[in-house]
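Single-letter residue listing:
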Amino acid sequence: MNQATGSGRGRTTTPPDTAETGQDGTDPSDTGAEGTAHGGTGIRTPRTHVRRVIRRVTRPEPWKRGPVPAALALLLGLLMLLHARITDRGGLGSLVESLLPWCGLFVPVLLAVALWLRSASAVVALLLPVTVWLNLFGGLLVDKSHPGGDLTLVSHNVSADNPDPAGTARDLAASGAELLALEEITPRARSVYEKALATTYPYHTVLGTVGLWSRLPLSDTRPVDIETDYGPLAATKPADVKLAYNRALRATVTTDKGPLAVYVAHLGSVRVLPSSGFWTESRDRGAQALAEAVAAEPDQRVVLLGDLNGTTDDRAFAGLTARLHSAQETAGDGFGFSWPATFPVARIDQILVRGVRPDSSWVLPATGSDHLPVAARISW
């Protein structure tokens, strides 16, 4: 330490370079010593924090860390952005699109990894999947329902293995719906549903495994061929045999504002098979046939209720979604997942409309089925 002596008194003088850099030679703006340079309080100013953040971000080290999470973030974003271009070989494209909303769960995981590694590149890369996910599904996070409506519609796959069909019927009747569509009705349970719903719904039709109950008059009811039987032998089966396992119908509902064409459908199941991957052949064939029937429908007001065994994001339903709009996407609150009832992960039960306005859409409480009932209120 340098000392200067004057007038017989010792005095310590701080060299100019030390005064500029601090006693330890560090830059006060980069350490806690900055507070001393501003009055000795040790308190950092907001400007200091900003400078420190800028210096840390502009250093090369944070951008070199975490190349793997950065690459995974970009791949996740591209997967969601280009999902329509994924091959459907082995049903891969349909499988990805059915679970597309769940891709968002990877974002917080990758963000946690990026923060743990202090990787600026990984954090910035996450902007792609976040932006794409919000663009695809952000609208579903907002409640778009509003009061009003002329008719309440309910659709429910009641399950062939339902242990309490009578209880399910009572729950559905209590929903207040004017129109009630049921799928997967077994011959044994049919009489149970007809008896339990007779008082609430004076009009109904059951064709094979699907049925429609209504408070309003029904007419022009007929089965819809969704090619459940396929191949050379299909044409050889008698009509009564086909009707026993028919899975789609069409009816006209008479309302005080004019006719409403109502379709009820239960498309073929999908399976994950080791030999062929995500098997969707029966469902896809039925979806195409149903889309053709809707396209040929002369009535302007159309409602489709049913278990389609797929989400509206699935490319297999492009023919339907080009002509009909999802009540849940238009007037719902949230994703409206309906299957499986114990822990719903996908909305495969749909209410699609044309020529009417959905006012609200929601999911009803569980019944004895492995599906949740879905409901919507529409108006003219």
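Computed from a predicted model, the values in this text were never measured in an experiment. (Residues numbered from 1 in each chain as written. Predicted model: local features only at pLDDT ≥ 70, side-chain atom pairs only at ≥ 80, totals over all residues. Heavy atoms only, no water.)

Caption draft 1: Structural detail: the sheet that holds strand E7 (residues 218–223). Across the sheet, six strands lie side by side as E7-E8-E9-E12-E14-E13; this open sheet has mixed pairing. Looking at the sheet topology across the chains shown, the edges are occupied by E7 and strand E13 (325–326). Where E13 lies against strand E14 (residues 349–354), two bridges are found, and the strand directions are antiparallel. In the sheet register, Ser 326 faces E14, and the bridge partner there is Leu 352. (Pairing = 2+ DSSP bridges. Helix = DSSP H or I, 4+ residues; strand = E, 2+ residues; numbered from the N terminus.)

Caption draft 2: The packing of helix H10 (residues 165–173) against helix H11 (residues 187–197), seen in detail. Packing of H10 against H11 brings their axes to within 9 Å, and their N-to-C directions diverge by 35 degrees. Remark: the crossing between H10 and H11 carries right-handed chirality. Packed against H10, whose contacting residues are Pro 165, Ala 166, Ala 169 and Ala 173, the element H11 presents Ala 189, Val 192, Tyr 193, Ala 196 and Leu 197 at the interface. (Axes fitted to C-alpha atoms, helices over the stretch in contact; angles between N-to-C directions. Left-handed = near helix turned anticlockwise from the far one by under 90°. Contact = heavy atoms within 4.5 Å.)

Caption draft 3: Broad picture of the nonpolar core. Ranked by size, the top nonpolar core spans 23 residues in total, and within it Leu 153, Leu 212, Leu 260, Val 262, Val 303, Ile 351 and Ile 378 carry the most contacts. Mapped onto this core, the elements with two or more residues apiece are strand E3 (151–157), strand E4 (179–183), strand E6 (210–214), strand E8 (248–255), strand E9 (258–266), strand E12 (302–307), E14 and strand E16 (374–379). Discounting residues that sit within four places of it in the chain, Leu 212 has contacts with Leu 180, Ala 181, Tyr 203, His 204, Thr 205, Leu 218, Leu 249, Ala 251, Val 262 and Val 264. In terms of nonpolar packing, the next biggest core, distinct from the first, is built from 20 residues, Ala 291, Val 294, Leu 304 and Phe 317 among them. (Core = buried A, V, L, I, M, F, W, Y, C linked by side-chain atoms within 4.5 Å. Buried < 20%, exposed > 50% of the residue type's maximum accessible area, 1.4 Å probe, protein only.)

Caption draft 4: Representation of H10 in the model. Residues Pro 165, Gly 167, Thr 168, Ala 169, Leu 172 and Ala 173 constitute the buried set of H10. Buried residues along H10 sit against E3, E4 and H11.

Caption draft 5: Representation of a nonpolar patch on the surface in the model. A surface patch of nonpolar side chains, amounting to about 540 Å² of accessible area, comprises Val 68, Leu 72, Leu 75, Leu 78, Leu 81 and Leu 82. Inspection of the secondary structure assignment puts Leu 75 in helix H5 (residues 67–81). (Patch = residues over 30% accessible without salt bridge, like charges linked within 9 Å, V, L, I, M, F, W, Y side chains within 5 Å. Areas by Shrake-Rupley, 256 points an atom, 1.4 Å probe, with all protein chains shown as cover. Salt bridge = Lys/Arg side-chain N within 4 Å of Asp/Glu carboxyl O.)

Caption draft 6: Representation of the confidence of the model for the protein chain. With 84% of its residues at a pLDDT of 70 or more, the protein chain shows a mean pLDDT of 88. The model gives residues 1–10 a pLDDT under 50, and that stretch makes 10 contacts with residues more than four places away or in other chains. Long-range and interchain partners of residues 12–40, a stretch whose pLDDT sits below 50, account for 37 contacts in this model, where long-range means more than four residues apart. (pLDDT = per-residue confidence, 0-100.)

Caption draft 7: Molecular detail of the side chain of Arg 283. Take Arg 283: it is sitting in helix H13 (residues 281–295). The buried category is assigned to Arg 283, whose relative accessible area is 0%. In this structure the side chain of Arg 283 is engaged in a polar contact, spanning 2.8 Å, whose partner is the side chain of Asp 284. In contact with Arg 283, other than residues within four places in its own chain, are Ser 94, Leu 267, Gly 268, Ser 269, Val 270, Leu 308, Asn 309, Gly 310, Asp 314, Ala 316 and Phe 317. (Polar contact = N/O pair within 3.5 Å; in protein donor to acceptor, adjacent residues only side chain to side chain.)

Caption draft 8: How the structure looks around unusual backbone geometry. Trp 339 connects to Pro 340 through a cis peptide bond whose omega is -10 degrees. Along the chain, Pro 340 turns up in the loop between helix H15 (327–331) and E14. The residue Ser 159 is not glycine, and still its phi comes out positive at about 75 degrees. Inspection of the secondary structure assignment puts Ser 159 in the loop between E3 and H10. You can call Ser 159 buried: its relative accessible area is 10%. A positive phi angle, close to 55 degrees, is found at Asn 309, a residue other than glycine.

Caption draft 9: A look at the pattern of salt bridges. What the rule picks out here adds up to 12 salt bridges. Notably, a salt bridge pairs Arg 190 with Glu 194, separated by 3.1 Å at the nearest N-O pair. Here Glu 194 and Arg 190 lie together in helix H11, a separation of four residues that amounts to about one turn. Note on Arg 190: relative accessible area 34%, which makes it partly exposed. With a shortest N-O distance of 3.1 Å, Asp 220 and Arg 250 are connected by a salt bridge.

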